[in-house]
Amino acid sequence: MKSLRASGVNNRRHRSPLALPLLVAQTSRQLNPMDCRQITIDAIKPQRRSYLLRLGLRGPLALHSHHPPIQCRHHQRHAPLLRAKRRGHQITMPALSSTMKEGRVVSWLKSEGDAIEAGEAIMVVESDKADMDVEAFEDGFLAKILTGEGESAEVGAVVALVASSEEDIAAVADGGGASAPAAAPVVEAAAPAAASAAVAQPEFDFSKLDMPALSSTMKEGKVVSWLKSEGDKVEAGEAIMVVESDKADMDVEAFEDGYVAAIITGEGETALVGTPVALIAANEADIPALKAYAATLGGAPAAASPVAAAPAATAAPAKAAPKVAAAPSAAASAGGRVVASPLAKKMAQEMGVDISTVAGTGPGGRITAADIQNAAAGGGAAPAKKAAAPSKPKWTPAPGVIAATPTARALAKKAKIDLSSIQGTGEFGRVTVDDVKMATGEKKPARGLLPLVFRHQSRCLKDLSPSLECNEPFPTTWWLRLTVLCSVPAEIEMDAFNELYQSVKSKGVTVSALLAKAVAKAIEKHPIINSSFREEGTYFNKDINIAMAVAIEGGLITPVLKYANERDVLDLGENWKGALSPDEYNSGTFVISNMGMFGVSQFDAILPKGMGGILAVAGTQEYIVPCKKAVLGMKKISKMTVTLTCDHRQIYGADAAMFLKTLNDVMMNPSSLMK
Amino acid sequence: MATTMRFFIATLLLAPTSAFSPSITTTPRSPTLLDASKCGNYDYDVIIVGCGVGGHGAALHSRAQDLSTAVFSGRDVGGTCVNRGCVPSKALLAASGRVREMQNEEHLSEFGITVEGGAQSVKFDREGVANHAKQLANRVKGNLEGSLVALGVDIVEGKGILTGKAHEVKDDASGKVYTAKDIILAPGSIPFVPPGVTVDEKTVYTSDGALELQSIPEWVAIIGSGYIGLEFSDVYTALGSEVTFIEALPNIMPTFDREIAKMAERLLIRDRPIDYRTGVFASEVTPGIPGEKPVTIKMIDAKTKEHVETLEVDAAMVATGRVPNTKDMGLEDAGIETQRGFIAVNEKMQVLTKHDGGEVVPGLWCIGDANGKMMLAHAASAQGISAIENICGREHVVNHDAIPAACFTHPEIAMVGPTEEQAIERAAKEGWTLGKSQGNFRANSKALAELEGNGIAKVLYNKDNGKVVAVHIIGLHAADLIQECANAVAAGTTVQELSMMVHTHPTLCEVLDEAFKGAVGMSAH
C-alpha cells in the first residue's frame, strides 16, 4: 500500500482514526479499481473532491478494490480502533454512483435483532443506476432500522444502527450506540426438385404452380396462406401465396397472368418441392374443368386415370381404424375412390382415421388435413381430461423433516411462527406459504375451507378467554353463536344522500332504489360481501343482485333488484310492476332490510340461508355536532344506523367494517349513484 | 398444351436459380459411396461419429470443402442440444416466461396493462407447453437432417464404434465396417448422476426427463446450480413451483463470475420462491410415487460428510453436470485412454493416446463435449469446423476465450472470456494490468421502456493494450448482446476502437457502449 500526500488538506491535523471507506465502482478511471491502496483526498478528481468534502470526508481514505456488490467495509487497519470505543456502529446510505444523491431502501435482508456478519448482504438499495446489495462491514446485531423498506435516505445519512453485541441491542436502538460518527461510505461510480412424372393433362391452356425451393436445403414447404382464392385473377408479379420453408416465410409471386383455378395444397398443408400446389387457368372459362382435373391430382393411388401421384401420396391404404368420423360422404363418392391431399392421407394413417369415412371439404370434395383433424377430434375418443385432482395423500414426514415449502419456511421465520403449529394443506400435508399467511392473518383462512376456519376460530376463542381449553368440546349452540355470524353496526351520515334524494324524487326515484344502488356500488369494491358459503369453498357471486326484504302480511318477501350496481337508479325504481316472477325474488345475492320508516333506531337482521350478508337499515336520526364553519359553532346532521350481519365462515368482521366504510363514503358522495 | 408455370420469389435470400425451376430436377450432387474415387482406398474422406450440433457443424464444413462425408447418427440426429437440451429448454423458457410476465400484475400495471381477473386468470396447459418443446425439437431435428441430406452427407443410422484398426468405424446396428481417411469423434455427453441418486425420470430426473415437463411439482429440489439448474428454476417458478437448490460448492452458481452470480442471486433467486443449501451433497435421493410418497433427499455436509437435513419434495432434478458419452465406442481397442471418460485432444482437436504426454493418433479427431474443453453446442461446432480445416491442411486453433455462453433465464446471463476472478489471476501471472468498466441497464432507455432496468454489463480489458479480455452481462436479452463482445475478443478489438464505434439508439447495445466508453474515460450519457 502506498500513501499519497495531500496538498490541500492538512493531513496531520485532520488525520482521523476513522478509515473512510471509499468504494470505487467499476467505471472509475481516475483511480485504478484493481488497486487497493490508501490515498488522500487530492488524488481525486476536483469535482469528486468537493463532493467528498461536502460530505465532510477528509483525511486518509481507504480505497478498496471493489468486490461487488458494494461493501461498506472499514479498512482493516483502522477498524480495531473504532471497535474499542463503541458499543455499536451505524449503517449509512452508501453512494452507489457518482450522481446518486439519495437512495431508496428496496428491502432489508435482515430484521432488527438479527446477527450480521461482515460481508453479508444486509439491504438492497436502489440508485439511479442499479439496485445493489449493501453488505455489512463489521459483525454485529442489527439494532434498529431507521429507514424502512421503500423509504429513501440521503447519501451518508444513517439508515440503521448496529450493536456490537446482543446485549447492546436495546441500548444502541435507544440511541446510546455509536459514539463515533460512522464513516459515510462513498462510492465512485464507480430440393432438389422432385418433378412428378408425366401427367395426362386437359387439352386447354393452363399452368401449374409448383412448390418452389426457397433454400438449397428445402425439401418440402408449407403453404402458410393463400393470398388468392380459387376463381381470383392473378397478374404476373403478384404475390399469390406465402410459403414457409426451413429458413423463412416467403411470398411467392405469379409469373404469368391467369386465374387461380384450383388450390391443391390448402393452407397449413405441406407439399414436396416441385409438386404442384395450385393450377392456374389462362381463361376464366376453363376453371371448372381444371378444378375437376385438380381433384384427380390430389391423390388417388390406384386411380383409373394415368395420374402420377405426388411422392407423399404413396401412402398405404388407410388402416381400418377405430376412430371414425361422423358422416361419410362426398369424398368417397367418386366410385369409392378416395380423393384426399397427400398430407391428409399421411395424417389419416398416423391418427388412425379411416379416410373413406371422412367428408371432404376441399375443392371437388377433396379431403384436406383439416377434415382429418376434425374427424379425429370429433369421432374419436379425445383423450379424456384427467379426473378431478385426487385428494391430498396422507403422509407422515420422516423424523426431522420440515414439511414446508421454501417460501413457507422463509415467511414463518420472518413472522416468528413455529411451523409445527401450522397444519399444512400442500402436497403430502406440507405447509405452504398460504398456510403461513393464514396463521399470520395476512390471508383469510381459506375462504370457505371449513376445517381451517374452525381451527382459526378456535384459536380466536382461546385468545379471547384464556381460561377456555381449546381441546374441550364447545356446546354446539354457543359455538354457532360465536362463530357463524358476525354482526357489525355502523353509523352513516345521510345529509348528502337525503339532499340527492330530494332533488331526484320528482323523477320517480325511490329511497329503496337509491339505497340498493349505493349498497351495490359498495359491494363492487368488496366482492367477499357478495359471496355465499358452500361446503366446497366460498362462492363469489358474479352479479350483484340486491334483495329488498319487504314485510308482507304473515311473512316476508324479498324482491330482487338484479345487477343493481350496473343499472340506472330510475330503471331500478321501475323494477317491480305487476306480479314477481320467481327469479325476481330468488336471485338475490345480498339483502337489505329497511325498517327506517318505522323509526327503529337499530336492529339486527337474520341472515337468510344462502346469503353472505344482510344489511339492517334503521331510521335516520338528527344530531347536533360541533362545526367550526357554522355560525353557532355547531351544525345539525342526520345519521342512520345500519347493521351488517354476515356469514362469519367466509366473511370477517374486518371485511364487514371495510365494506361499511365504503358504503358510508358512497352515501356521503352520492352523485355517482345517478350516473 | 400446358406449360409449366414459373414464379419469382419475393425475397433475395436465395440459392441457385436451378432450385426454382422445376424443369431442372436436381441440384448437383456430391460424390457418394459409389463414386468416392478421390478418397483413394477409403469409403469416405471424413466419417463423423455423432450427429449432434458438433457433428453437424463438422459435416457441413466438410461438404463445403468438397470432402465426401458420412455421419453416424446413433439413432439420435440432433443430439443432446436439439433433442434434450438447449433447443427444447428454450421452448419451455419462452412459454413459462410469458406466463411469468402475464402474472406479474405489478409490472404490467406500470405499463398501464391489467389482466382481467388478475394473475390467477392467466392459465396455461402443462401438456401444451410440453408439446411446444417437443415440436420445436422435432422441427429443428428435421431441419438439421434435411440440411445434411441436401448437402449430400450420408447418414448411417447406427452408432459408430472404432474397430481398433486405423481409419475404420463399425456400424453397431448392421455390423458393417466403413473406412475413412479421417474420423471425427463427436459422441457428446450424458447427464451425470452422482452416486446415491436413483433416477426414475419421473419424480427424480435429469434434464432429459425434466424437458418432458411431466408434472408441475409443488416443490422441486434442483441438485446443482449451474446453467441447466438455473434455467429450470426459471421455468418451474414461472409455472408455480417452489424450488430448493442443493449446491455442493460453498457458493451458489459457482461457475459464474462472482459479481454476476450475486446479482443473479438477487434477480433470479431471492425474489422468487426459491431457497438453497450450499456446501452440501445430496447423498441419497429416493424417487417417490406421485400422490403416495414424496421424493426423499438426504443431505450431508460436503466437508464433514455428516447428515445435515432431509427434504421430502415432490420432485428432484439432477443437474450436476454432464459426463462424456464415450463408453463402448472402442476407444480401448484403439489404444486411447480416457480420463473420467474425456478423450484427450491437442489444440488442433487431434486425439491423443492419453491426457498427459499422449501421442497423436493419426487420422482421429475428437470434438465437442467428449473432449471436455468447453461443453457447449456452438463450441462443438466451432471445434468441428476447426478439425476439418486441419484435415484440409490449413492449421487452425479454436480460441475458446472468444466463445460466448449464455444462460436463458429471465433476465438472461451471458459471458465471453474468463470470470473476473480468473482474469485477475491471469493478469497477475502474465504481468499485465486488468481494467474494468461497467454499463448499466438502469441507465438504458430501451431497458427502461421495457421496465427491465435490472442488470449490468461489465467489460474486463487489458489496460496495456486495450484489448477486451472478457465481458459478463446480466440483464434483458444478454444472450443476444454478448455477440459483439465475443467478436471483439476474437478479433482483438480494443476498448479504444469499440468506444468509437456507433451503437444504435435506443437499443440495449448501448449498455455495452456505456461500458466501452467508460473504459477510455468517455461518458455515454
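Residues numbered from 1 in each chain as written. Chains lettered and ligands numbered in written order. Predicted model: local features only at pLDDT ≥ 70, side-chain atom pairs only at ≥ 80, totals over all residues. Heavy atoms only, no water.

As named in an unreviewed UniProt entry, chain B is Dihydrolipoyl dehydrogenase, taken from Cyclotella cryptica. The UniProt entry for chain B carries this comment under Sequence similarities (unreviewed entry): "Belongs to the class-I pyridine nucleotide-disulfide oxidoreductase family." (UniProt positions renumbered as here; feature names shortened; annotations may be inferred.)

An unreviewed UniProt entry lists chain A under the name Dihydrolipoamide acetyltransferase component of pyruvate dehydrogenase complex, with Cyclotella cryptica given as the organism. The annotation that UniProt attaches to chain A under Cofactor (unreviewed entry) is "(R)-lipoate". The heading Sequence similarities (unreviewed entry) in the UniProt record of chain A holds the text "Belongs to the 2-oxoacid dehydrogenase family."

Undergrad: What's the story with helix α12 (residues 478–491) of chain B in this structure? I'm lost.
TA: Because each turn of an α-helix spans 3.6 residues, side chains separated by three or four positions end up pointing in the same direction. All names here are of chain B. For α12, spanning 14 residues, the distance from its first C-alpha to its last is 20 Å, which sits close to the expected 20 Å at 1.5 Å a residue. For α12, every residue scored as buried is listed here: Ala478, Ala479, Leu481, Ile482, Cys485, Ala486, Ala488 and Val489. In the core, the buried residues of α12 are packed alongside β23 (405–407), β24 (412–416), β27 (468–475), α13 (495–499) and α14 (510–519). In the stretch just after α12, Gly492 is the one whose phi turns positive, near 70 degrees. (Helix = DSSP H or I, 4+ residues; strand = E, 2+ residues; numbered from the N terminus. Expected span 1.5 Å × (residues − 1). Buried < 20%, exposed > 50% of the residue type's maximum accessible area, 1.4 Å probe, protein only. Contact = heavy atoms within 4.5 Å.)

Undergrad: Would you mind showing me how to read the packing of aromatic side chains here?
TA: Per the stated rule, a full pass over the model turns up six aromatic pairs over all chains. Relative to Tyr293(A), the ring of Phe206(A) lies with its centre 5.7 Å away and its plane at 75 degrees, an arrangement referred to as edge-to-face. In this pair, Phe206(A) sits in strand β13 (residues 206–210) while Tyr293(A) sits in helix α5 (residues 287–297), placing the two residues 87 residues apart along the sequence. Phe206(A) gets classed as buried once you look at its relative accessible area, which sits at 2%. Residue Tyr293(A) is classed as buried on the basis of its relative accessible area of 7%. Each ring, one from Phe72(B) and one from Tyr178(B), has its centre 5.5 Å from the other, and the planes form 90 degrees; the classification is edge-to-face. (Phe/Tyr/Trp six-rings, centres within 6.5 Å; stacked < 30°, edge-to-face > 60°.)

Undergrad: Would you explain the pattern of salt bridges in this entry?
TA: Applying the stated criterion across every chain, the model contains 34 salt bridges over all chains. With a closest N to O distance of 3.5 Å, Lys90(B) and Glu231(B) form a salt bridge. Note that Lys90(B) is positioned in helix α3 (residues 86–103) and Glu231(B) in helix α7 (residues 227–238), a separation of 141 residues in sequence. Among the residues examined, Lys90(B) registers a relative accessible area of 23% and is labelled partly exposed. A salt bridge links Glu309(B) to Arg277(B), with the nearest nitrogen and oxygen atoms 2.7 Å apart. Taken together, the positions of Glu309(B) in strand β16 (residues 307–313) and Arg277(B) in strand β13 (residues 274–278) put the pair 32 residues apart, joining distant regions of the chain. Residue Arg277(B) is classed as buried on the basis of its relative accessible area, which comes to 13%. Overlapping salt bridges, with partners in common, bring together Asp131(A), Asp133(A), Arg266(B), Arg270(B) and Arg442(B) in one network. (Salt bridge = Lys/Arg side-chain N within 4 Å of Asp/Glu carboxyl O.)

Undergrad: Could you clarify how one ought to interpret the environment of Pro187(B) in this entry?
TA: All names here are of chain B. Within the secondary structure, Pro187 sits in the loop between β8 (177–185) and β9 (189–191). Sequence separation between Pro187 and Ala370 is 183 residues, and the spatial gap between their C-alpha atoms is 6.4 Å. Not counting residues up to four positions away in its chain, the partners in contact with Pro187 are Val49, Asn325, Thr326, Met329 and Ala370.

Undergrad: Sorry, what's going on with the UniProt feature "domain: Peripheral subunit-binding (PSBD)" (unreviewed entry) in chain A here?
TA: In this structure's numbering, the residues bearing the UniProt feature "domain: Peripheral subunit-binding (PSBD)" (unreviewed entry) are residues 339–376 and 403–440 of chain A. Secondary structure across residues 403–440 of chain A divides into 47% helix and 0% strand, with the first and last C-alpha atoms of the span separated by 18 Å.

Undergrad: I tried to follow the pairing of β27(B) on my own but got confused; where do I start?
TA: In summary, the side chains of a regular strand alternate between the two faces of the sheet. Residue and element names in this part refer to chain B. Summarising burial for β27: eight of the eight residues are buried, a large majority. Across five bridges, the pairing between β24 and β27 is antiparallel. Among the inter-strand pairings, Met415 is bridged to a residue of β27, identified as His472. Of the strand pairs in this sheet, strand β26 (residues 455–462) and β27 are connected by seven bridges, and their pairing is antiparallel. Counted as the bridge partner of Val459 is Val471 from β27. Here β26 folds back onto β27, and the loop between the two strands holds five residues, one of which, Gly466, carries a positive phi near 80 degrees. (Pairing = 2+ DSSP bridges.)

Undergrad: Hey, could you run me through unusual backbone geometry in this one?
TA: Leaving glycine aside, a negative phi is the common case for residues, and trans is the common case for peptide bonds. With omega at 0 degrees, the peptide bond leading from His410(B) into Pro411(B) counts as cis. Cis rather than trans, the peptide bond between His505(B) and Pro506(B) has omega equal to -10 degrees. Turning to its location among the elements, Pro506(B) is positioned in the loop between α13 and α14. Although it is not a glycine, Lys416(A) adopts a positive phi angle of roughly 55 degrees. Tracing the backbone through its elements, the reader meets Lys416(A) in the loop between α9 (406–415) and α10 (433–440). On the basis of relative accessible area, Lys416(A) is assigned to the exposed category, the value being 67%. Positive phi is not limited to glycine here, since Leu451(B) has a value of about 55 degrees.

Undergrad: For this particular structure, what's the right way to read the UniProt feature "binding site: NAD(+)" (unreviewed entry) in chain B?
TA: Feature annotation in UniProt assigns "binding site: NAD(+)" (unreviewed entry) to the following positions: Gly224(B), Ser225(B), Gly226(B), Tyr227(B), Ile228(B), Gly229(B), Leu230(B), Glu231(B), Glu247(B) and Gly321(B). In this view, Gly321(B) contacts Pro191(B) and Phe192(B); residues no more than four positions away in its chain are not counted.

Undergrad: Mind showing me how you'd approach the confidence of the model for chain B here?
TA: Keep in mind that low pLDDT regions are not for reading the predicted coordinates in detail. Residues and elements named next belong to chain B. Put simply, chain B has an average pLDDT of 91, and 92% of its residues get 70 or more. This model gives residues 1–37 a pLDDT under 50, and the stretch forms 71 contacts once residues within four places in sequence are excluded. Scored as a complex, the prediction yields pTM 0.59 and ipTM 0.80. (pLDDT = per-residue confidence, 0-100.)

Undergrad: How should the state of the cysteines be read in this particular structure?
TA: Structurally, a disulfide amounts to a covalent bond that connects the sulfur atoms of two cysteines. Residues and elements named next belong to chain B. Counting across every chain of the model gives one disulfide over all chains. With a sulfur-sulfur separation of 2.4 Å, Cys81 is cross-linked through a disulfide to Cys86. Take Cys81: its relative accessible area is 12%, and that puts it in the buried class. With no disulfide of its own, Cys509 lies closest to Cys485 among cysteine sulfurs, the gap being 9.3 Å. Its relative accessible area of 28% is what places Cys509 among the partly exposed residues. (Disulfide = S-S within 2.5 Å.)

Undergrad: Mind showing me how you'd approach the sheet that holds strand β25 (residues 434–440) of chain B here?
TA: Consider a sheet: its strands pair through backbone hydrogen bonds, and that pairing is either parallel or antiparallel. All names here are of chain B. Spatial ordering of the open sheet is given by β23-β24-β27-β26-β25, a layout of five strands whose pairing is antiparallel. The open sheet has two edge strands with one neighbour each: β23 and β25. Looking at each pair of strands side by side, their axes are set apart by 10 degrees on average, direction ignored. Where α14 meets the sheet, it contacts β25, β26 and β27, and its direction lies at approximately 145 degrees from that of β25. (Axes fitted to C-alpha atoms, helices over the stretch in contact; angles between N-to-C directions.)

Undergrad: Can you help me understand the sheet that holds strand β5 (residues 102–108) of chain A in this one?
TA: Overall, antiparallel pairing links the four strands, which are arranged β8-β7-β5-β10 (chain A) in an open sheet. The open sheet has two free edges, formed respectively by β8 (131–135) and β10 (152–154) of chain A, since each of these has just one partner strand. Recorded for the sheet is a direction-independent mean angle of 40 degrees between the axes of neighbouring strands. Lying on the sheet, helix α8 (residues 258–270) of chain B is in contact with β7 (121–126) and β8 of chain A; it crosses β8(A) at an angle near 110 degrees.

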